[in-house]
Amino acid sequence: MLARPHSGALTSRRPEHLFGRKDLKAHLLEHFRSAQPPKYNFVIGSAGLGKTELVMHVARELAEGKSPFLAIIFVALRAKDTKDSVLDAIEAATVDALAKVGISQADQSAGAVDKMLAQDLLILDNADDPYKSESNTSQWFEDLLVNVVAKRHGTILLTLRDEGNGSLFTKPCMKGMRQVEVKPLEERAALELITHEM
């Protein structure tokens, strides 16, 4: 049973086995359990390497045990390529996470939910869909992330297939950000995965 407000995505399906990623998972858990993880954190790697599953494993463990976060919110941004669709996805995931523990924003005193969200972990999965979309030539996603999302949420973790045009990484607020790269599985772990799937 997950103890903190959390997104339904973390409990809606059984976690898959994490092949060849145990060290990376332990590294991320240690990083997020530190006294002050940076505001922005990135997990980057080619498509199909297990970035989503890795961050879901980390999020589940943080929601169940020792963690500096008051809530864990997972937002799927696949095919979200407009400002409104991104904001709607974040809001829906936030409401869902709070509802999992019986918290309704309408029932809370002014500012109570905002104080909780200021100490949450917001996971923006597949953030490269809005970041690299054709509609982002004006850099609305970078501005939304820095000027809207970051003001409401505590720590932000984004999964990306790659750095794209790099504009997000040049923002002054990104100084001190943490970036972890997910690389292809080593041969032994790949064989273990293939054997498991058969």
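In case you missed it, the structure is sitting above this.
Residues numbered from 1 in each chain as written. Predicted model: local features only at pLDDT ≥ 70, side-chain atom pairs only at ≥ 80, totals over all residues. Heavy atoms only, no water.

1. Topic: the nonpolar core
Next up, step 1: If you look at the biggest cluster of nonpolar residues, it comprises 34 residues, and the most contacted ones within it are Phe42, Val75, Leu124 and Leu145.
Next up, step 2: Mapped onto this core, the elements with two or more residues apiece are β1 (40-44), β2 (71-76), α3 (83-99), α4 (112-117), β3 (120-125), α6 (140-152) and β4 (155-160).
Next up, step 3: Take this core: its biggest share by element is seven residues, from α6.
Next up, step 4: Aside from chain neighbours lying at most four places away, what touches Val75 is Ala89, Ile90, Ala93, Leu122, Ile123, Leu124 and Asp125.
Next up, step 5: By size, the runner-up hydrophobic cluster in this structure holds 23 residues, among which are Leu10, Leu18, Val43 and Leu54. (Core = buried A, V, L, I, M, F, W, Y, C linked by side-chain atoms within 4.5 Å. Buried < 20%, exposed > 50% of the residue type's maximum accessible area, 1.4 Å probe, protein only. Helix = DSSP H or I, 4+ residues; strand = E, 2+ residues; numbered from the N terminus. Contact = heavy atoms within 4.5 Å.)

2. Section: the pairing of β1
Next up, step 1: Among the five residues of β1, five are classified as buried, and the element is accordingly described as predominantly covered.
Next up, step 2: Here β1 shows a buried face lined by Tyr40, Phe42 and Ile44 and a second buried face lined by Asn41 and Val43.
Next up, step 3: Sheet topology note: the β1/β4 ladder contains five bridges and is parallel. Its bridge partner lying in β4, Ile44 is registered against Leu160.
Next up, step 4: Bridging between β1 and strand β5 (residues 178-181) involves four bridges; their strand directions are parallel. Across the sheet, the residue bridging to Val43 is Val180, located in β5. (Pairing = 2+ DSSP bridges.)

3. Some thoughts on the sheet that holds β4
Next up, step 1: Taking strand neighbours across the sheet as the criterion, the five strands line up as β2-β3-β4-β1-β5 in an open arrangement whose pairing is parallel. The outermost strands of the open sheet, each flanked by one partner alone, are β2 and β5. Neighbour-to-neighbour, the strand axes of the sheet open up by a mean angle of 15°, direction not taken into account.
Next up, step 2: Sheet topology note: the β3/β4 ladder contains four bridges and is parallel. Each bridged residue has a counterpart across the sheet, and for Ile123 the counterpart in β4 is Leu157.
Next up, step 3: Across the sheet, helix α1 (residues 22-32) is in contact with β1, β3, β4 and β5; its angle to β5 comes to roughly 170°. (Axes fitted to C-alpha atoms, helices over the stretch in contact; angles between N-to-C directions.)

4. Description of the packing of α1 against helix α2 (residues 51-64)
Next up, step 1: Relative to each other, α1 and α2 sit at 45°, their axes nearing to 10 Å. As judged from the angle between their axes, α1 and α2 are oblique. The handedness of the crossing between α1 and α2 comes out as right-handed. Contact residues: Leu24, Lys25, Leu28, Leu29 and Phe32 in α1; Leu54, His57, Val58, Glu61 and Leu62 in α2.
Next up, step 2: Split into classes, the residues belonging to the contact of α1 with α2 amount to seven nonpolar, one polar and two charged. (Parallel < 35°, antiparallel > 145°, perpendicular 65-115°, else oblique. Left-handed = near helix turned anticlockwise from the far one by under 90°. Nonpolar A, V, L, I, M, F, W, Y, C, P; charged D, E, K, R; others polar.)

5. Some remarks on α1
Next up, step 1: Looking at α1, one finds that the buried residues are Leu24, Lys25, Leu28, Leu29, His31 and Phe32. An end-on view of α1 places all buried positions within 160° of arc, on one side of the element. Residues of α1 that are exposed and angled more than 90 degrees away from the buried face: Lys22, Asp23 and Glu30.
Next up, step 2: The secondary structure elements touched by the buried residues of α1 are β1, α2, β3, β4 and β5. (Arc of directions from axis to C-beta.)

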